[in-house]
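# Structural overview
The primary structure of each chain is shown beneath.
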There are 2 protein chains.
Amino acid sequence: MSTVTILGAGLMGSALAYPLSDNGHSVRLVGTFLDDPTIASCKERHFHPRLRRSLPDKASAFYFSELDEALDGAGIIVSGVNSLGVHWIGKTLGPRLREGQILIAVTKGLESAPAGNPRILPEVLRDEFPAGIRDTLPIAAIGGPCIAGELAGRRQSFVMFGCRDPAALEVLAATFSTSYYHVTTTTDLVGLEYCAALKNAYTLGVGLAAGMLEREGGPDHAEAYMHNLAAALFAQGTTEMARFLEITGSRRELAYMLPGAGDLYVTAQGGRTVRLGRLLGSGKSYAESRLILDGETLEAAEIVKTLGRVLPSLEAKGLLAKDELPLLRSLISIVVDGSAAVLPYSSFFRHYHES
Amino acid sequence: MSTVTILGAGLMGSALAYPLSDNGHSVRLVGTFLDDPTIASCKERHFHPRLRRSLPDKASAFYFSELDEALDGAGIIVSGVNSLGVHWIGKTLGPRLREGQILIAVTKGLESAPAGNPRILPEVLRDEFPAGIRDTLPIAAIGGPCIAGELAGRRQSFVMFGCRDPAALEVLAATFSTSYYHVTTTTDLVGLEYCAALKNAYTLGVGLAAGMLEREGGPDHAEAYMHNLAAALFAQGTTEMARFLEITGSRRELAYMLPGAGDLYVTAQGGRTVRLGRLLGSGKSYAESRLILDGETLEAAEIVKTLGRVLPSLEAKGLLAKDELPLLRSLISIVVDGSAAVLPYSSFFRHYHES
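Residues numbered from 1 in each chain as written. Chains lettered and ligands numbered in written order. Predicted model: local features only at pLDDT ≥ 70, side-chain atom pairs only at ≥ 80, totals over all residues. Heavy atoms only, no water.

## Notes on the overall build of chain A
Note the following rule: Labels follow the DSSP assignment, with helices taken as runs of H or I lasting at least four residues and strands as runs of E lasting at least two, numbered in each case from the N terminus. We compute the radius of gyration over the C-alpha atoms and compare it with the globule rule, which gives 2.2 Å times the number of residues raised to the power 0.38. Think of it in three bands: residues with accessible area under 20% of the maximum for their type are buried, residues over 50% are exposed, and the middle band is partly exposed, with areas taken using a 1.4 Å probe on protein chains only. Pairs of residues are marked as contacts when any of their non-hydrogen atoms sit within 4.5 Å. Accessible surface area values rest on a Shrake-Rupley calculation with a 1.4 Å probe, where residue burial reflects the displayed protein chains alone.
Within chain A, the secondary structure is distributed over 16 helices and twelve strands. Here the C-alpha radius of gyration of chain A, 21 Å, is about what a compact globule of 355 residues would show, namely 20 Å. Along the first, second and third principal axes, the C-alpha set of chain A runs to 60 × 45 × 35 Å. Looking at chain A as a whole, 63% of its 355 residues qualify as buried. For chain A, long-range pairs separated by at least 24 residues make up 69% of all intrachain contacts whose partners lie at least 6 apart in sequence. Roughly 12700 Å² of accessible area belongs to chain A as shown, and the carbon and sulfur atoms make up 50% of that amount.

## Let's talk about the relation of the copies chain A and chain B
Operational definition: In superposing the copies, a least-squares fit is computed on C-alpha atoms, taking residues whose pLDDT is at least 70 in both.
Least-squares fitting of chain A to chain B yields an RMSD of 0.0 Å, with the superposition described by an axial translation of 0.0 Å and a rotation of 180°. Considering both components of the superposition, the chain copies are consistent with a two-fold axis. Using C-alpha coordinates, one finds that chain A approaches the rotation axis most closely at tyrosine 256 of chain A, a distance of 2.6 Å. An overlap of 100% is found between the interface residues of chain A and their copies at the interface of chain B, pointing to a shared contact surface.

## Digging into the sheet that holds strand S12 (residues 181-186) of chain A
Pairing between the strands of a sheet comes from backbone hydrogen bonds, and it takes one of two forms, parallel or antiparallel. Residue and element names in this part refer to chain A. For clarity, the threshold we go by: Pairing between strands requires that DSSP locate at least two bridges from one strand to the other. Only the contacting stretch of a helix is used when fitting its axis, a line to C-alpha atoms as for every element, and angles between N-to-C directions run 0 to 180 degrees.
On the basis of which strands lie adjacent, the open sheet formed by eight strands has the order S5-S2-S1-S6-S7-S10-S11-S12 and mixed pairing. Of all strands in the sheet, those with a lone pairing partner are strand S5 (59-62) and S12, marking the two edges. For this sheet the average axis-to-axis angle between neighbouring strands, irrespective of direction, equals 25°. Examined bridge by bridge, strand S1 (residues 3-7) and strand S2 (residues 26-30) share five bridges and lie parallel to one another.

## Observations regarding the pattern of salt bridges
Residues and elements named next belong to chain B. For clarity, the cut-off: Any Lys or Arg side-chain nitrogen found within 4 Å of a carboxyl oxygen on Asp or Glu counts as a salt bridge.
The full count for this structure, using the stated rule, is 38 salt bridges over all chains. Glutamate 66 is the salt-bridge partner of lysine 43, the closest N and O atoms lying 3.0 Å from each other. Separated by 23 residues along the polypeptide, lysine 43 in helix H3 (residues 36-45) and glutamate 66 in the loop between strand S5 (59-62) and helix H4 (67-71) bring together distant segments of the chain. The exposure class assigned to lysine 43 is partly exposed, which follows from its relative accessible area of 37%.

## Observations concerning the interface of chain A and chain B
Note the cut-off: The buried area of a pairing is the accessible area, by a 1.4 Å probe, that goes missing from both parts when the two are put together, added over both.
Counting from both sides, the interface comprises 63 residues of chain A and, opposite them, 64 residues of chain B. Roughly 5200 Å² is buried in total at the junction of chain A and chain B, and carbon and sulfur atoms are behind 56% of that figure. Looking only at chain A, the three residues that lose the most surface to chain B are Arg155, Asn228 and Tyr256 of chain A, adding up to 16% of its buried area. At the boundary of chain A and chain B, one finds eight salt bridges.

## Description of the sheet that holds strand S11 (residues 157-163) of chain B
Residue and element names in this part refer to chain B. Pairing is mixed across the open sheet formed by eight strands, whose spatial order is S5-S2-S1-S6-S7-S10-S11-S12. Both edges of this open sheet fall to S5 and strand S12 (181-186), since each of them pairs with a single strand only. Going across the sheet, the axis of each strand differs from the next one's by a mean of 25°, ignoring polarity. Looking at chain direction, strand S6 (residues 76-79) and strand S7 (residues 102-105) are connected through four bridges and run parallel. Within S7, the position partnered with isoleucine 77 by the bridge is leucine 103. Most of the contacts of helix H10 (residues 189-215) go to strand S10 (residues 139-143), to which it runs at about 40°, and overall it touches S10, S11 and S12.

## Some words on the confidence of the model for chain A
Just so we agree on the cut-off: A score between 0 and 100, pLDDT records how confident the predictor is in each residue.
Per-chain confidence: chain A averages 95 in pLDDT, with 98% of residues scoring 70 or above. Predicted complex metrics record ipTM = 0.97 and pTM = 0.97.

## Considerations on the environment of alanine 15 of chain A
Relative to the assigned elements, alanine 15 of chain A resides in helix H1 (residues 11-15). For the pair alanine 15 of chain A and leucine 55 of chain A, spaced 40 residues apart in the sequence, the C-alpha separation amounts to 9.2 Å.

## Re unusual backbone geometry
Residue and element names in this part refer to chain B. Here histidine 46, not a glycine, exhibits a phi torsion of approximately 55°, which is positive. Assignment of secondary structure puts histidine 46 in the loop between H3 and strand S3 (47-48). A positive phi is found at glutamate 223, a non-glycine position, where the angle reads about 60°. Relative to the elements of secondary structure, glutamate 223 occurs in the loop between H10 and helix H11 (227-247). By relative accessible area, glutamate 223 is classed as exposed at 51%.

## Remarks on the environment of leucine 67 of chain A
Residue and element names in this part refer to chain A. Take leucine 67: it is sitting in helix H4 (residues 67-71). Residue classification places leucine 67 among the buried residues on the basis of a relative accessible area of 1%. When neighbours within four sequence positions are excluded, leucine 67 is seen to be in contact with Leu7, Val30, Thr92 and Arg96.

## Comments concerning the side chain of glutamate 315 of chain B
All names here are of chain B. Basically, it comes down to this: For the purposes of these results, a polar contact is taken to be a pair of N or O atoms within 3.5 Å, where, inside protein, one atom must be able to donate a hydrogen and its partner to accept one; residues adjacent in sequence count only when each atom of the pair is a side-chain atom.
Among the secondary structure elements, glutamate 315 is positioned in helix H15 (residues 299-316). Side chain to side chain, glutamate 315 and lysine 322 meet in a polar contact 2.7 Å long. Ignoring sequence-local partners within four residues, the contact set of glutamate 315 consists of Leu320, Lys322 and Arg329.

## Some remarks on the packing of aromatic side chains
Definition in use: Centres within 6.5 Å make a pair out of two Phe, Tyr or Trp rings, where for Trp the six-membered ring is used; the pair is then stacked when the planes are under 30 degrees apart, edge-to-face when over 60, and tilted otherwise. Remark: a charge is flagged as sitting over a ring if the NZ atom of Lys or the CZ atom of Arg is within 6 Å of the ring centre and within 35 degrees of the ring normal.
One pass over the structure, following the stated rule, counts 25 aromatic pairs over all chains. Considering the side-chain rings of phenylalanine 64 of chain A and tryptophan 88 of chain A, the 5.3 Å spacing of their centres and the 40° angle between planes classify their relative orientation as tilted. Here phenylalanine 64 of chain A, found in the loop between S5 and H4, pairs with tryptophan 88 of chain A, found in helix H5 (residues 86-93); they are 24 residues apart in sequence, far enough to count as distant. Judged by relative accessible area, phenylalanine 64 of chain A falls into the partly exposed class, the value being 26%. Arranged with centres 6.1 Å apart and planes meeting at 55°, the rings of phenylalanine 349 of chain A and phenylalanine 158 of chain B form a pair that is tilted. Taken together, the residues span two chains, with phenylalanine 349 of chain A in the segment after helix H16 (326-336) and phenylalanine 158 of chain B in strand S11. Here phenylalanine 349 of chain A matches phenylalanine 158 of chain B in class, with each residue buried. Over the ring of phenylalanine 62 of chain B we find lysine 43 of chain B; its NZ or CZ atom is 5.8 Å from the centre of that ring.

## Some remarks on the pairing of strand S1 (residues 3-7) of chain B
Residue and element names in this part refer to chain B. Burial within S1 is extensive, with five of its five residues counted as buried. Direction of pairing for S1 relative to S6: parallel, over a ladder of four bridges. Across the sheet, residue threonine 5 finds its bridge partner in S6, namely isoleucine 77.

## Looking at H11 of chain B
All names here are of chain B. Put simply, the rule is: How far a helix is expected to stretch is found by multiplying one less than its residue total by 1.5 Å.
Given a rise of 1.5 Å per residue, 21 residues ought to cover 30 Å, and the 30 Å separating the end C-alpha atoms of H11 matches this to within 8%. Burial analysis of H11 places 19 of its 21 residues in the buried class, which makes it a mostly covered element. Glycine 249 sits one or two positions beyond H11 and adopts a positive phi of about 85°.

## Some thoughts on the packing of H10 of chain B against helix H12 (residues 258-267) of chain B
All names here are of chain B. Inclusion rule: Put simply, a crossing is left-handed when the front helix is turned counterclockwise from the back one by less than a right angle, and right-handed when it is turned clockwise. In this classification, Asp, Glu, Lys and Arg are treated as charged, Ala, Val, Leu, Ile, Met, Phe, Trp, Tyr, Cys and Pro as nonpolar, and every other residue, Gly included, as polar.
Viewed as axis vectors pointing N to C, H10 and H12 meet at an angle of 35°, and their least axial separation amounts to 9 Å. The two elements H10 and H12 meet at a crossing, and its hand is right-handed. In this structure, H10 uses Leu192, Cys195, Lys199, Asn200, Tyr202 and Thr203 to contact H12, whose residues at the interface are Pro259, Gly260, Asp263, Leu264 and Thr267. The residue makeup of the contact of H10 with H12, split by class, is five nonpolar, four polar and two charged.

Rendered as structure tokens:
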């Protein structure tokens, strides 16, 4: 049995404590400085207020000030912060890492280098580490459809772990897998992370359909909705994902697997990104929609902005034609340029229906 | 402008009259012997009672007894019957077909030859035609996510036409495409039809999750649903679809395009197949579920039964291992053998996560 330290007591980081504890591992859940109330409840009542559940048996909670104690003897470290905290967690963990440990990150997102090259968050994280540990510590990430509250409720969940190091992947899969948390693996870490980012962008795309239906006054007298459009946006999304994976040297099959179609399906069931998409589809500008969703982290919008910097770099390298990925380009135009949600339907599927 | 004759006044056949009429074609909608009340309304009030809409301007209705008149001068013929009517329509149309015509079928389904070889419905149809016309007449089919009522309501819809004859495909796409009915094309007719059949089977799979949630008493105190499981079943479905396409010599990319992920997405939004899946997932046997859904055509169940005959033939040819397609095998076991809906979770994704 190992000791696993989770840094960040948000929903997904905390939810991983359940399968780990059920497997008999000792789990240490460490809050960031934002998580003090959560950690206080976990310490005093063994109850996680955001997950609305008791902590699992073998989990114990630590304040951020107790980080060093929580990391002592840990074999696996989980980075459980959101995309805004990636640089911070890299700087925080870096000097404390030891050879032989494995890091796994739950964070979804994407950054771009100044020239527009896409950088997956595990790489961003690694670059914050000291030179000695940077190239020896395996860094893994989690993709696939997993709502944290369901995992903590021990509902059947299927994910994909990605890591360039197959031995580390094997250790991770064995450590986390339970009868309800099913872990498949890939060494295509980059492809997995691209899917995690792209599915957020395309969820925004699928969400547009509900807003467009509102703008046209809802279902008509014969109850015609816009499910056909939503499904087409879904498939245009998975098709563009496959193309993005292909031109960046990843496995385009991920587009129909858990990280692509699976994660897009679960994300499109509801939540912040769908709400933003609906507002945009109904005719609100991105600026207006942001005001309406005041206070919510618009992760999908940040990813779309990043992709707006990434696409020109792919074009400059001759990897991408200017008329490819029309749905993604529309989303960029809506979010970055404040354009209205008018979609170039006739360019959908044009490039990809024969190969 | 052409004359297009649609045989079968069901929802999908009739809905195609709208884009055709909007493109200025003369549309003749012919009922089968089951459609007399529909045709009577269309003739008397220019109103389609099942679509709950006026017929489009350039459409006129014909009783089955007026078939010869309706076929006179038709350049394109649409087969608009369901899978039960395929042999009948083949026998009915066969002697009346003329060289130079193009046939396009809306029917989804799958048959199997006595040895278990899968036979797509356009081939079943063709085999009913007289020898002279059988090998010269292009036969096309329609795949992709399209709810008929939305198409008739002129909602944005994106489909894929499949035909082995590229010239016929071009004619069809030009004839049917409008600003709201977007037609992409493929010469992989077999792959397109496999997707249309498989997506019905896998919709049953996705539907199981809702029933399993019911069986466990619904969402728990912290509102954990089973969206993760539904998404995993969705992705297992598209992944198995890709594998099925691959081993039968089709394009596995269809699995993330309109005919695969797109059509599965729209079908999983609701309807008969989802209801059947939910009943099965809740613990009812197939026999009990059939009684509850009395009177409804369980097309998905028929397709699952056919696939139960097809898989052994693929195994016999050495194309498929016995432990592949575990979700499809579970569905076969549930529908054909009356087994309980207990899914082999640990075998999901095992084969396909690296390639």
